[in-house]
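# Summary of structural features
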Amino acid sequence: MSHIFRDKSLGNSKRHTQPPLVVMPIYPIQDLHSPFSDAATFLSDSELRESAYEILIGACRSSGSRPLTYIPQSERNADRASAPALTPSPSLQRSLTSTAASKVKKALGMKSGSTKRRSDGGESVIEGKAKKTVTVGELVRVQMRVSEQTDSRIRRALLRIAAGQLGRRIESMVLPLELLQQLKSLDFPSRQEYEAWQRRNLKLLEAGLLLHPHLPLDKTDRAPRRLQQIIRGTLEKPIETGKNSESMQDLRSLVMSLACRSFDGSVTEKCHWADGFPLNLRLYQILLEACFDVNDESIVIEEIDEVLELIKKTWVVLGMNQMLHNLCFLWVLFHHYVATGQVEDDLLFAANNLLMEVEKDAKTSKDSDYSKILSSTLSSILDWAEKRLLSYHDSFHSDNIESMQSVASVAVVAAKILVEDISHEYRRKRKEVDIARDRIETYIRSSLRAAFCQKLEKFNSSKHLRHQQNPLPVLSILAQDICELAFNEKAIFSPILKRWHPLAAGVAVATLHSCYGNELKQFVSGISELTPDAIQVLSAADKLEKDLVQIAVGDSVDSEDGGKSIIQEMPPYEAEALIANLVKSWIRTRIDRLKEWVDRNLQQEAWNPQANKERFAPSAVDVLRIVDETLDAFFLLPIPMHPTLLPDLITGLDRCLQNYVLKTKSGCGARSTFTPTMPALTRCTAGSKFHVFKKKEKSRVAQRRKSQVGSTNGDASSGVPQLCVRINTLQHVRMQLEVLEKKTVVQLRNSKSSYVDDFANGLGKKFELSAAACVEGIQQLCEATAYKVVFHDLSHVLWDGLYVGEVSSSRIEPFLQELEQYLEIISSTVHDRVRTRVITDVMKASFEGFLLVLLAGGPSRAFTLQDSEMIEDDFKFLTDLFWSNGDGLPTELIDKFSTTVKGVLPLFRTDTESLVERFRSLTLESYGSSGKSRFPLPPTSGRWNPTETNTLLRVLCYRSDETAAKFLKKTYNLPKKL
C-alpha cells in the first residue's frame, strides 16, 4: 500500500491539531447512492459479509479446526506434541503487538493514534497466567462480526477441501460449490441454519455466474438456463450434496462449465465466479469495512496495514487490482464519512487524497468496465458533494471550513475525472475548458443566490419589521445584510475557493450585485417621487455597490485583466444618478409651487404700509419663508450629493425671487413715465405779462389739477405710500438674500462639502439674478416715486403753477409746502437704508422740475432781469427744504446735485445783448462760418449748461424784452405763442 500513495496533504500542520467538535448539517445517507447497490440485491448485508469472509479465509488458505491463535515460542516448544498437523497461514497468525505507525494512514494523510482496545473477542486479556494474544485473523473475524462457531466451520470445510484436493489453488476452484460439497447439516446447530446457509451459497453462485458474470453469457448456451432452474428448485427443496448425488454432479458440471469460460472459448484452469462487476466490488467493499472500528465506524483501526495485506489476498478470486482497490477503498472511506454524520474529517481528507490516486489511474486505464464503475462511483460522490457546495453557506461556517476545503477538492477532482478522462464528448472536442474554475464558479453563484433569497425571504416574512414604529425599508436592511455577507464571504470562503478560482471573491460579489440589482430595479420602477424610503434604499444600494466593487477590485489585483471581466458583470446601479434625478424632480416640484404662489399672491397684495411695523409686503415674508424652508428641507435630505444639486435648487429659487421682484416693480412707472413733454420754443413780446391768465382761471386750474397726497389716478397700489412699501419690500428681500447665502454656507459646511469654499468666496452659484433685480428694482422705484411726486402729484403747484404769469405772484412756496408733506410720508415709511436715496431722488426730480419750468415752461411763462433775484431766492428755499437745518440731506449731496441749476441761474440776470453775443459765439464755434448767414436751431439735449447753445436759446425765448424777441424773430422766426 505504501508504495502507491505519496505523503500529501491539502492543508498545513494545523490539520493535525484537534479542532473543537463542530458538526456539519447532517444529510441523510440516502443522499449518497451506492454504485454497487445493484449487485446481489437478494442477499442481505450479513449474508454477503459471511460470503466475503469465506472468500477471505479461503484465499489465505488457513485450514485449522480451532480458532486460530498465536502461540508464543516458549509455549509452542513445550506443547509441540499436541500442536495440529497443519499450521495456520502465517498472515492470519501474525501477532498484533507491533506499535509502528501505519504506513497506509500516513500515505492517506490520516492521523495515527494508539490501537483501539476491543471488548468482544479481540481484546488481550489476562486470565491467571495464561495470555491470549490477538492475531490479524482474529481481528478480522471480530471486525466482520463473524462468530467463532462460524469461523471454525469454515476452517473445517477448507481443511477438508485441502485434504481432498491437495495443492489446488483457490482461484482454480469455485468456493461456494466446494463448501456445499463439504459441509453437511450436522455441521450446523440446526437444519434451518444449514438450509439458509445452502440457499445463500446458491444465490451467490447465481449472482456470480448468471447475474454478474465475468464474461457475457452466450444466449445459445443452455447451461445458464439449466443452472437457473436448479437454483430455483433448491430454494424450494434443499439439494442433496452427497459426493455421489446426481443433483450435485449436475450442479458441479453446470457451475464449472460457466466458471471456466474464456474469451477465446477454451476452458481455463482459473474459475471466474466472483469477479464480475459489480459483485466483486460489493464483496470487496464488505471486506474493506473491516478496516473500521466495529464499535465506532468513524475511526479507521490502527492495524489497517495488516488487515489490508490480508484482504488483498482475495484479489485473485475477486478479479481485483490496484486501480479497483483504490476506487473501492475511496468509496468506502467517503461512505463512512457520510454515514457517520460527517464528524470525522480525517475520513474525508483521506478520501480526497485517495481520489488523487484514482485520478492518475483514470488517465492510464483503457478498461471500459473500470470506466463505467468509475463514472458511477464518482457521479455518486459528486452529487453528494455538490448538494453541499451549491448551498455551501448552509453547510459550512468558520468552525468547519477545513471540511469545506476537502469537499470542494473532492468535487473538483471528481468532476475533472468525469469530464476529462471519461467523457467521450470532451475527448472528441478537446476544448480549452478550466473544469475546476467552472465548477467552483457554479458553486459560488448558486450558494450566494440561495443565501440572498433566504435573507430576502426572511425580511419579507418578518413580522417584527412590520410592527416597528418607523420601520426601515426592506431593501435598505437587506443591503446591510448583503454587505455583511460579502465581507464574510471574502474572509471565510474566498480564501478556500481561490485555490481553484483566482477571482472567487469577485465572482461572489458580482453575484450578490446582480441579485440585489434585480430587486432594486423592481423598487425603482415603482418610484414616482422622492420619499424617505426611496432615499434610504438608494443610499444603501450606493454604499453596498461601492463595498462590493472594492472587494472585487481588491480580489483582482493580480489577475490578468485586472478584474475587468468581473467589473463588467456589475453594471452600475446608478443610485446616485437616480437619487439626483429624484431630487431634481423634487426641486422642480417645489419651484413650480413657489412660482404659482408668487403669481397668485402678488395679485392679491395691497402694499399696505400699515400691514406690519416694518412696512414691507406680507407676501415678501411668505416667499422668503418658503425659500428658507425649501433650503432647510433640501439639506435635511439624507443624500450625499448636496453640493452637486445645490446649484439647481439655488437657480430655481433665484428665478422665483427674481420673478417676485420684477412683478413687485412692474406697473409703477419710471422716470420717463412722469417727466412732462417739453413744449415747442416760442418768443415773448416786449412787456408781455400774459394777462390772458386771470387769477380766477389760475385758481380753477390749480383746483382741477391738485391731487390728494398718496393717490395716483385712483390706483391705490401705485400711490406714494404703496411705492414706499414696494421699495421696502425689495430692500427686505435684498437683505434676506444675504442671510440665506450665509446660512447656506453653514449648511454646506455641516455637510462637510468642499463646495462650501467656492460658495463662500463667490465662485459658487448664489442668488445673483434676484439680487441684481433688487438693486435695479429699488433704483427704478426710487426714481419713479420721486418723479411721480414732483411731476405728477405736485404738477398743479409746479408745472401748472410755478411762475405762470407774474413771477412775484406765483412763487415756489405752495410747491414747497406740499412737497414737504410727501417728504414726511417718505421719511416715515421708507426703510432707513434706502430713505436717503429716495429723498435724494426727490431732490433731483425737484431740481430738474425747477429747471424745466425756467427753460421749457411754455408760452405762459416769461422772465425779466428783475425776476432773477426772486428765482434765485426760490431755489435757495428749495435746497433749504432738503437741508432742513442740518437734519436732512448732507450739504455735500445737495451741492453735488444743485450744480446744474446754480450754473444756469446766472443766465437769468445776464443782459440780453450779452446772451445774444454769447449764443452767436458758441454757435460759430459749433457750426463754423456757415452760421453767419443763418444760425441752425440747436437740438434739445436736456443737459442744461450755461455754455450750451440750446440752454442759452431757451433763456432768450423766455426773456421778456424787445431785443430778445427781435433776435428770435429774425434768426429763427419763432412765433409768439403756440
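Everything numeric here is computed off the predicted structure, so don't read it as measured data.

Right, let's get into the overall build of the chain. Tallying secondary structure elements over the chain gives 40 helices and 2 strands in all. Of all intrachain contacts in the chain linking residues separated by at least 6 positions in sequence, the fraction that spans at least 24 positions is 78%. Carbon and sulfur atoms make up 50% of the accessible area of the chain, which totals about 46,000 Å².

What follows concerns the side chain of Gln143. In this structure, Gln143 sits in helix α5 (residues 136–143). The class of Gln143 is buried, set by a relative accessible area of 4%. Polar contacts involving the side chain of Gln143 include one to the main-chain amide nitrogen of Val294, which spans 3.4 Å.

Remark: the centre distance and the inter-plane angle together describe each pair of aromatic rings, the angle taken between the planes. Scanning all chains against the criterion turns up 18 aromatic pairs. When the ring of Phe36 is compared with that of Trp331, the centres are 6.4 Å apart and the planes differ by 75°; the resulting orientation is edge-to-face. Separated by 295 residues along the polypeptide, Phe36 in the segment before α1 (45–60) and Trp331 in helix α14 (residues 322–339) bring together distant segments of the chain. Judged by centre distance (6.0 Å) and plane angle (25°), the ring pair of Tyr194 and Trp197 falls under stacked. Placement of both Tyr194 and Trp197 in helix α8 (residues 191–211) is noted, with a separation of 3 residues, approximately one turn of the helix. Residue class for Tyr194 comes out buried when judged on its relative accessible area of 4%. An aromatic cluster of three or more residues is present, and its members are Tyr803, Phe847, Phe850, Phe863, Phe875, Phe882 and Phe908. Cation over ring: Lys458 sits above Phe459, and NZ or CZ is 4.9 Å from the ring centre. Just above the ring of Trp799 sits the side chain of Arg861; from NZ or CZ to the centre is 5.8 Å.

Moving on: the side chain of Asp542. Following the sequence through the fold, Asp542 ends up in helix α24 (residues 532–555). Not counting the four nearest positions on each side in its chain, Asp542 is found in contact with Ala575 and Glu576.

What follows is about the pattern of salt bridges. Counting across every chain of the model gives 40 salt bridges. Between Lys546 and Asp542 there is a salt bridge whose closest N-O contact spans 3.1 Å. Here Lys546 and its partner Asp542 are both found in helix α24, 4 residues apart, which amounts to about one turn of the helix. On the accessibility criterion, Asp542 (10% relative accessible area) is buried. What you see here is one network of salt bridges that share partners, running through Glu50, Glu54 and Arg200.

In contact at an axis separation of 9 Å, α1 and helix α11 (residues 279–288) are set at 85° when each is read in the N-to-C sense. With respect to α11, the axis of α1 lies roughly perpendicular. Only Arg282, Leu283, Ile286 and Leu287 of α11 make contact with α1, whose side of the interface consists of Asp45, Leu48, Arg49, Ala52, Ile55 and Leu56. Residues that form the contact of α1 with α11 fall into these classes: 7 nonpolar, no polar and 3 charged.

As a further point, take the packing of helix α31 (residues 720–750) against helix α33 (residues 768–793). α33 packs onto α31 with a crossing angle of 165° between their chain directions and a minimal axis gap of 9 Å. In terms of orientation, α31 lies roughly antiparallel with respect to α33. The element α31 and its partner α33 pack so that their crossing is left-handed. The segment α31 lies against α33, with Val720, Leu723, Arg726, Ile727, Leu730, Gln731, Val733, Arg734 and Leu737 engaging Ser770, Ala771, Cys774, Val775, Gly777, Ile778, Leu781, Cys782, Thr785, Lys788, Val789 and Asp793. When the residues that make up the contact of α31 with α33 are grouped by side-chain class, the tally is 13 nonpolar, 4 polar and 4 charged.

A cis amide bond, omega -5°, links Phe277 with the succeeding residue Pro278. Locating Pro278 in the fold gives a position in the loop between α10 (246–259) and α11. We note that Gln342 has phi near 60°; this positive angle belongs to a residue other than glycine. Within the secondary structure, Gln342 sits in the loop between α14 and α15 (345–364). Notably, Asn973 is not glycine yet its phi reads approximately 55°, a positive angle. In this fold, Asn973 is placed in the segment after α40 (962–972).

Of all hydrophobic cores here, the largest spans 291 residues; its most connected members are Tyr516 and Phe850. If one sorts the elements of this core by residue count, helix α35 (residues 832–856) sits on top with 14 residues. Every residue in contact with Phe850, bar those within four places of it in the chain, is listed here: Leu802, Tyr803, Ile812, Ile871, Asp874, Phe875, Leu878, Val901 and Leu905.

Turning next to the environment of Ile535. One can find Ile535 in helix α24. Through-space distance from the C-alpha of Ile535 to that of Val583 is 9.3 Å; in sequence the pair is 48 residues apart. Discounting chain neighbours no more than four positions away, the residues touching Ile535 are Leu530, Leu637, Pro638 and Ile639.

A rise of 1.5 Å per residue sets the reference length of α15, with its 20 residues, at 28 Å; its end C-alpha atoms lie 30 Å apart and thus fit the reference within 8%. In terms of burial, α15 is largely enclosed, as 16 of its 20 residues are buried.

Predicted coordinates in regions of low pLDDT should not be interpreted in detail. Averaged over every residue, the pLDDT of the chain is 83; the share at 70 or more is 83%. Within the model, pLDDT remains below 50 along residues 1–24, and this stretch shows 55 contacts once partners closer than five positions in the same chain are excluded. This model gives residues 114–131 a pLDDT under 50, and the stretch forms 23 contacts once residues within four places in sequence are excluded.

With that out of the way, let us pick up the environment of Asp841. Within the element layout of this structure, Asp841 appears in helix α35. Judged by its relative accessible area of 8%, Asp841 is buried. In this structure, Asp841 is in contact with Cys782, Glu783 and Ala786, ignoring residues within four places of it in sequence.

Here we take up helix α9 (residues 223–236). For α9, built from 14 residues, the straight-helix expectation of 20 Å at 1.5 Å per residue is met to within 8% by its first-to-last C-alpha distance of 20 Å. Listed in full, the buried residues belonging to α9 are Ala223, Pro224, Leu227, Ile230, Ile231 and Thr234. The buried residues of α9 all sit within an arc of 125° when viewed along its axis, so they share a single face. Residues Arg225 and Glu236 are exposed on α9 and point more than 90 degrees away from its buried face.

Moving on to the environment of Pro213. Within the secondary structure layout, Pro213 lies in the loop between α8 and α9. For Pro213 and Leu258, which are 45 residues apart along the polypeptide, the C-alpha to C-alpha distance reads 8.7 Å. Excluding residues that lie within four positions of it along the chain, Pro213 makes contacts with Gly208, Arg261 and Gly276.

So, how was this worked out
Residues numbered from 1 in each chain as written. Predicted model: local features only at pLDDT ≥ 70, side-chain atom pairs only at ≥ 80, totals over all residues. Heavy atoms only, no water. Helix = DSSP H or I, 4+ residues; strand = E, 2+ residues; numbered from the N terminus. Contact = heavy atoms within 4.5 Å. Areas by Shrake-Rupley, 256 points an atom, 1.4 Å probe, with all protein chains shown as cover. Buried < 20%, exposed > 50% of the residue type's maximum accessible area, 1.4 Å probe, protein only. Polar contact = N/O pair within 3.5 Å; in protein donor to acceptor, adjacent residues only side chain to side chain. Phe/Tyr/Trp six-rings, centres within 6.5 Å; stacked < 30°, edge-to-face > 60°. Lys NZ or Arg CZ within 6 Å of the ring centre and 35° of its normal. Salt bridge = Lys/Arg side-chain N within 4 Å of Asp/Glu carboxyl O. Axes fitted to C-alpha atoms, helices over the stretch in contact; angles between N-to-C directions. Parallel < 35°, antiparallel > 145°, perpendicular 65-115°, else oblique. Nonpolar A, V, L, I, M, F, W, Y, C, P; charged D, E, K, R; others polar. Left-handed = near helix turned anticlockwise from the far one by under 90°. Core = buried A, V, L, I, M, F, W, Y, C linked by side-chain atoms within 4.5 Å. Expected span 1.5 Å × (residues − 1). pLDDT = per-residue confidence, 0-100. Arc of directions from axis to C-beta.

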